[in-house]
Structure formats: C-alpha cells, structure tokens
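Tertiary structure, described
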Amino acid sequence: MNQLDSLRQWTTVVADTGDFKQLSVSKPQDATTNPSLILKAVQKPEYRPLLDETVKKHAGKPLDEVIDRLLVNFGTEILQIIPGRVSTEVDARLSFDTAATIARGERIVALYKAEGIDTEKRLLIKVASTWEGIEAARQLELKGIRTNLTLLFSFAQAVACGAAKVQLISPFVGRIYDWYKKSAGAKWDEAASAGANDPGVKSVREIFNYYKQHGIKTEVMGASFRNVGQIKALAGCDLLTISPELLAELAASDEPLEHVLDAKAAAKGDAKQVSYDEAGFRFALNEDAMATEKLAEGIRAFAADAVKLEKLMQESGK
C-alpha cells in the first residue's frame with residue numbers, strides 16, 4: 001500500500017487544482033479550486049478553449065457574471081470526474097462585504113443548479129475567513145448552502161467559523177510555515193521545525209483537537225502544503241487538500257504512514273471553550289501578526305488573479 005492509499009484510510013483526500021484532466025490519476029474524493037488555480041489552468045492550451053467558449057456564449061453580460069460562469073464550467077467538469085464535492089470561490093474583492101458575498105454565493109449555486117448539480121451535496125462555496133465572510137457563510141448555511149471558509153490562519157478564525165456552523169474550514173498549513181520561516185530568517189532550523197513541530201501543522205492540530213473536544217461539527221481540511229512531511233504529520237485530519245504534484249509524491253512512496261490525528265483521542269482534551277464577538281475577534285486576529293499579514297496578503301493575491309482573469313476574458317472577447 002502506498003502512502004496515498006494509507007492516508008485514505010483515515011482522511012478524505014482532496015485535490016487542490018483547476019487542472020481537472022489530472023484528477024483521474026489521483027482519484028480524489030473532492031476537489032478545491034481558487035482564482036489562482038483557475039487562472040493557471042486557462043493559461044494552458046488545453047483549457048483556453050473553455051475560457052473562450054464561455055466568453056463567446058455570454059457576450060454582453062457583466063464581466064463578474066461571466067467569471068462565475070467560467071468557474072462553474074470548471075467545477076462542472078470536475079464533478080464529472082470526482083464522486084464528491086467541488087469548492088468554488090467567491091471573488092476575493094468581496095471579502096469585507098457580507099451582503100455581496102451572500103449574493104455572489106447564491107448566484108454560483110443557481111448556476112450549478114442550472115447544470116443539474118445537487119448543490120447541497122456536491123458544492124461548497126469558498127469564502128475568505130474575515131469577520132464579514134464568516135457572517136456571510138453563517139447566513140448561507142441557514143439557506144442550505146454549504147460553505148468552505150478559506151484563508152484561515154488563526155485559532156480565532158477557526159473558533160468563529162465553528163460558532164457560525166460552517167460546513168468546512170481550510171487552515172493554510174504552508175502559508176503559516178512560510179511566514180514563520182521568513183520571520184526567523186537565518187535562525188530558521190528546518191529540521192527542528194519539521195513534521196509535528198511545523199508551525200502550520202501545529203495550528204491545524206490545535207484546531208482539530210479543539211473541534212473534536214467540543215463537539216463542533218465543522219470539518220477541518222488542511223490546505224496549502226509545501227511538502228509531504230506536512231501532509232504526513234496531519235494524517236487523520238478530516239480532509240486534506242493536496243496539489244497534484246504532492247499527491248503523486250505520496251503515491252510513489254510505499255514507506256509506512258502513521259495515523260497521527262485521532263478524533264476520539266482529541267475528544268478527551270481539556271482545552272477551555274472560547275467565543276468571540278466582533279470586537280473580540282478583530283482584536284484576537286490583530287494580536288496574531290502572522291494571521292493578520294497572511295490573510296491580507298492572501299486576499300490581495302486572489303483579488304489580483306481575479307483581475308488577471310478578467311483581462312484574459314476581455315482580450316478573448318475582442
């Protein structure tokens with residue numbers, strides 16, 4: 001049994017890609033996309049026709065709607081290959097606008113339904129884990145729209161998401177690791193900060209244990225991995241979303257894989273339950289320099305890629 005097969009015993013394996021033609025190789029249960037992954041995909045010759053066809057078919061419609069239709073086209077293709085759910089992201093430029101996030105999420109759901117997709121079972125709407133995004137997700141969940149809270153870097157964000165009863169959260173392991181490595185500079189000790197000691201791994205483990213201890217139903221999906229060591233250190237997490245390259249690396253290794261995170265063991269923990277109102281959430285996030293910086297950076301990066309995607313569409317329509 002290779003490491004990828006071993007991982008599947010305890011964790012739902014998710015592919016983090018817009019390149020749906022690769023999915024038949026790794027056979028993930030679910031798949032996640034984001035603006036950056038879709039942008040990367042449509043710049044490949046094999047996917048460019050999907051962008052051109054979408055622009056041509058919906059010429060004259062608002063650009064933001066055409067982008068949503070492109071995202072849904074990718075998602076629909078993905079759902080023909082995987083048995084589970086696809087995550088489709090709301091425009092990051094709406095990360096601080098609750099009402100606009102809800103409206104965009106509802107539109108994406110409507111577009112999937114028009115394609116015959118059972119959205120309650122097969123779709124997660126991805127929303128940034130800002131205070132406004134979490135509130136939008138809370139309201140979407142009440143409407144039966146399942147959500148995936150992304151760009152999550154802090155315990156405070158995870159607590160607020162659990163209180164909002166969102167379906168799933170995506171703590172960004174690799175980006176947390178990146179921040180601490182950059183912050184340490186020449187003092188960074190890679191060996192001492194690997195595996196269970198990786199700061200991104202430690203963050204997810206804390207959230208996982210807290211959720212299981214307090215009976216919080218929100219699923220935990222580790223995301224944004226830099227190496228297979230981070231993945232192996234989180235074996236047993238509810239879900240892990242992994243790039244095709246790292247999925248291939250796991251599949252190529254037959255070394256034993258240890259079951260690390262265990263929900264039953266975590267349920268016996270003694271962490272005190274906490275809660276945040278808006279002021280408390282904002283202060284806790286502000287106190288966490290890493291989370292504050294990476295959340296802002298992530299929103300800027302996704303927003304920039306959305307703009308690039310718009311430009312490609314405008315060029316295609318000429």
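Since we're looking at a predicted model, the values are computed, not measured.

With respect to the pattern of salt bridges
- Within this structure, the stated rule accounts for 24 salt bridges.
- Of the charged contacts, one joins Glu 135 and Arg 138 as a salt bridge, the two residues approaching to 2.7 Å between their closest N and O atoms. Of this pair, Glu 135 and Arg 138 both sit in helix H8 (residues 131-142), 3 residues apart, which is roughly one turn of that helix.
- A relative accessible area of 23% places Glu 135 in the partly exposed class.

Overview of the nonpolar core
- In terms of nonpolar packing, the biggest core is built from 93 residues, with Leu 7, Leu 70, Phe 74, Ile 169, Tyr 211, Leu 234 and Ile 242 touching the most fellow members.
- The element contributing the most residues to this core is helix H16 (residues 289-316), with 9 residues.
- Those residues within four positions of Tyr 211 in sequence are excluded, and the remaining contacts are Ala 158, Cys 161, Gly 162, Ile 169, Ile 216, Thr 218 and Val 220.
- In this structure, Val 14, Leu 124, Leu 168 and Met 221 belong to the second largest nonpolar core, which totals 5 residues.

Re the packing of helix H6 (residues 98-114) against H8
- Axis separation between H6 and H8 bottoms out at 8 Å; the angle between their running directions is 45 degrees. What the angle tells us is that H6 and H8 run oblique. Handedness of the H6/H8 crossing: right-handed. Two secondary-structure elements touch here, H6 through Thr 98, Thr 101, Ile 102 and Glu 106 and H8 through Glu 132, Glu 135, Ala 136, Gln 139 and Leu 140.

Rules behind the numbers
- By convention here, each chain's residues receive numbers from 1 onward along its written sequence.
- For a predicted model such as this one, the threshold for reporting local features is a pLDDT of at least 70, and the threshold for listing and counting side-chain atom pairs is 80 or more; totals across whole chains, interfaces and linings nevertheless cover every residue.
- Computation of side-chain values: all heavy atoms of the structure, hydrogens and water removed.
- Here, a salt bridge means any Lys or Arg side-chain nitrogen found within 4 Å of an Asp or Glu carboxyl oxygen.
- A run of H or I in DSSP counts as a helix once it spans at least four residues, and a run of E counts as a strand once it spans at least two, with each numbered from the N terminus.
- Burial classes follow relative accessibility: with a 1.4 Å probe on protein chains only, a residue under 20% of its type's maximum area counts as buried, one over 50% as exposed, and anything between as partly exposed.
- Here, nonpolar core refers to any group of buried Ala, Val, Leu, Ile, Met, Phe, Trp, Tyr and Cys residues whose side-chain atoms link them within 4.5 Å.
- Only heavy atoms enter the contact rule, under which two residues are in contact if any of them lie within 4.5 Å.
- Geometry is summarised by axes, namely lines fitted to C-alpha atoms with helices restricted to the contacting stretch, and by angles between N-to-C directions that run from 0 to 180 degrees.
- Small angles under 35 degrees read as roughly parallel and large ones over 145 as roughly antiparallel, with 65 to 115 read as roughly perpendicular and the rest as oblique.
- Crossing handedness is defined as follows: a turn of the near helix away from the far one that is anticlockwise and smaller than a right angle gives a left-handed crossing, while the clockwise case is right-handed.

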